[in-house]
Amino acid sequence: MEELQLIATTAFGLEAVLKREAINLGFKDIKVSDGRVRFKGSIRDMVMANMHLRTADRILIELGRFEAKTFEELFDKVYDIDWPQILTEDAKFLVNGRSVKSKLFSISDCQRITEKAIIEKLKTKYNISYFQKSGPRYSLEVSLLKDMATITLDTSGESLHKRGYRKKQRIAPIKETMASAMVQLSFWKADRPLFDPFCGSGTILIEAAMLAKNIAPGIDRKFDFENWEAFDKDILKKIRQEALANIDHDLKLDIIGTDIDKMSINFAKDNAFNIGLEDSIEFIHEDFRNLKLEDNYGVLITNPPYGERLNTDDIKSLYVDLGYKMRDLKTWSEYIITSERDFEKLYKRRADRKRKLFNGRIKVDYYQFYGLRPPKN
């Protein structure tokens, strides 16, 4: 089977988490750059990446990489790619573009030249002058960085953060990929309690339960590649069957989420039901201040409000009260993502570690407070 150069994209700051996932899946020749993890693999590896990578946004196939300082160079090198082997006669191919620090800085012109080269190459096989693009979608991108052009094909379709379970959500929800990364960057394990005091539509807790029970993030969604004529659908069928067989349905979890917004709690319950986790997570309509927590080596992971629904004074009061509530729980570890610069001052503790991330376009810090470790058995 032909070896592919694959690229998994991710949010800035999550590259190390995604690399670790790629290693765990057995991918080879892994290389990391800003927002991207590259690796080589087969068509099966491409499907596995789409199905199992929890912090990837998209899985791309690199079709070509070359220097292009003129439009003539760009046209010729794009034309050299074996497009008739990739695209069908009715392929709905769309060309997106990016250009950074390159002589070919006009994105629209780069897109136009790339599409023209593709069409001219397709004409060598298909005896037509006009391509209607009425068939399956093929999302292509011509990306130029310092005069190096990279041509990629998106295999995923919709962003991989769209698992399919989150039918309902409130204002400014955290992406599923970021929520999974927060869990993976924590000390939480399935045998420890997990608590989210601002659970919203339940994303962090659902992602944690999916990770613990080994529910593949792509198990219940569609991908662009499955509509391509050349794709062997039996590969996806087998991988999906394997993923279903590997779910740990019997694992018991101690996971609780609270929120003062009743509609959010109802949404969270619905979302958990959609992925089959309604019996694994307890969602409670309650102010976190009123919930009694035992000092039992629990883990708090949360994405508290920071400007969307509350005024500044209310947000600061929340942080102060949360810090007060967790102060005497010496065995608990806490993981909190926020853009509030004075968070540690309000929380009245200095974090053991602080990691810079991007929640969407908002620059945030992921504060990590380590509690006492559970005794070894």
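Before reading on, note that the structure itself is shown above.
Calculation notes
- Residues numbered from 1 in each chain as written.
- Predicted model: local features only at pLDDT ≥ 70, side-chain atom pairs only at ≥ 80, totals over all residues.
- Heavy atoms only, no water.
- Helix = DSSP H or I, 4+ residues; strand = E, 2+ residues; numbered from the N terminus.
- Rg over C-alpha atoms; globule rule 2.2 N^0.38 Å.
- Buried < 20%, exposed > 50% of the residue type's maximum accessible area, 1.4 Å probe, protein only.
- Contact = heavy atoms within 4.5 Å.
- Areas by Shrake-Rupley, 256 points an atom, 1.4 Å probe, with all protein chains shown as cover.
- Lys, Arg positive; Asp, Glu negative; His and termini not counted.
- Charge placed at Lys NZ, Arg CZ, Asp CG, Glu CD.
- Salt bridge = Lys/Arg side-chain N within 4 Å of Asp/Glu carboxyl O.
- Phe/Tyr/Trp six-rings, centres within 6.5 Å; stacked < 30°, edge-to-face > 60°.
- Lys NZ or Arg CZ within 6 Å of the ring centre and 35° of its normal.
- Patch = residues over 30% accessible without salt bridge, like charges linked within 9 Å, V, L, I, M, F, W, Y side chains within 5 Å.

**Some remarks on the overall build of the chain**
Counting secondary structure elements, the chain contains 11 helices and 14 strands. Relative to the 2.2 N^0.38 estimate, which gives 21 Å for 377 residues, the radius of gyration of the chain is 23 Å and therefore close to what a compact globule would have. The principal-axis extent of the C-alpha atoms belonging to the chain is close to 75 × 45 × 40 Å. Counting only residues that meet the buried cut, the chain has 53% of its 377 residues in that class. Contacts spanning at least 24 positions in sequence make up 77% of the contacts within the chain whose residues lie at least 6 apart. Accessible surface for the chain amounts to roughly 19000 Å². Of this, 47% is attributable to carbon and sulfur atoms. Between the averaged position of the 64 positive side-chain charges in the chain and that of its 59 negative side-chain charges there is a distance of 3 Å.

**Some details on the pattern of salt bridges**
A complete count under the given rule lists 18 salt bridges for this structure. In this structure, the salt-bridge partner of lysine 162 is glutamate 158, at a minimum N-O distance of 3.4 Å. Through salt bridges with shared partners, a single network forms among Arg36, Arg98 and Glu141.

**Remarks on the packing of aromatic side chains**
Considering all chains together, one arrives at 16 aromatic pairs under this definition. Pairing phenylalanine 343 with tyrosine 347 gives two aromatic rings, centres 5.0 Å apart and planes at 25 degrees, and the pair type is stacked. Taken as a pair, phenylalanine 343 and tyrosine 347 lie in helix α11 (residues 343–347) at a separation of 4 residues, close to a single helical turn. Plain terms: the ring middles of phenylalanine 343 and tyrosine 367 are 4.8 Å apart, the flat faces sit at 40 degrees to each other, and that makes the pair tilted. Here phenylalanine 343, found in helix α11, pairs with tyrosine 367, found in strand β14 (residues 362–369); they are 24 residues apart in sequence, far enough to count as distant. Here phenylalanine 343 falls in the buried class, since its relative accessible area comes to 0%. Among the aromatic residues, those joined into a cluster by ring pairs are Tyr319, Phe343, Tyr347, Tyr367 and Phe369. Positioned above the aromatic ring of tyrosine 79 is the side chain of lysine 121, whose terminal nitrogen or guanidinium carbon lies 4.9 Å from the ring centre.

**Quick look at a negative patch on the surface**
Negative charge collects at one region of the surface, where Glu67, Glu72, Glu73, Asp76 and Asp80 lie side by side. On the secondary structure map, aspartate 80 appears in helix α3 (residues 71–80).

These values are about where atoms sit, not about what they do.
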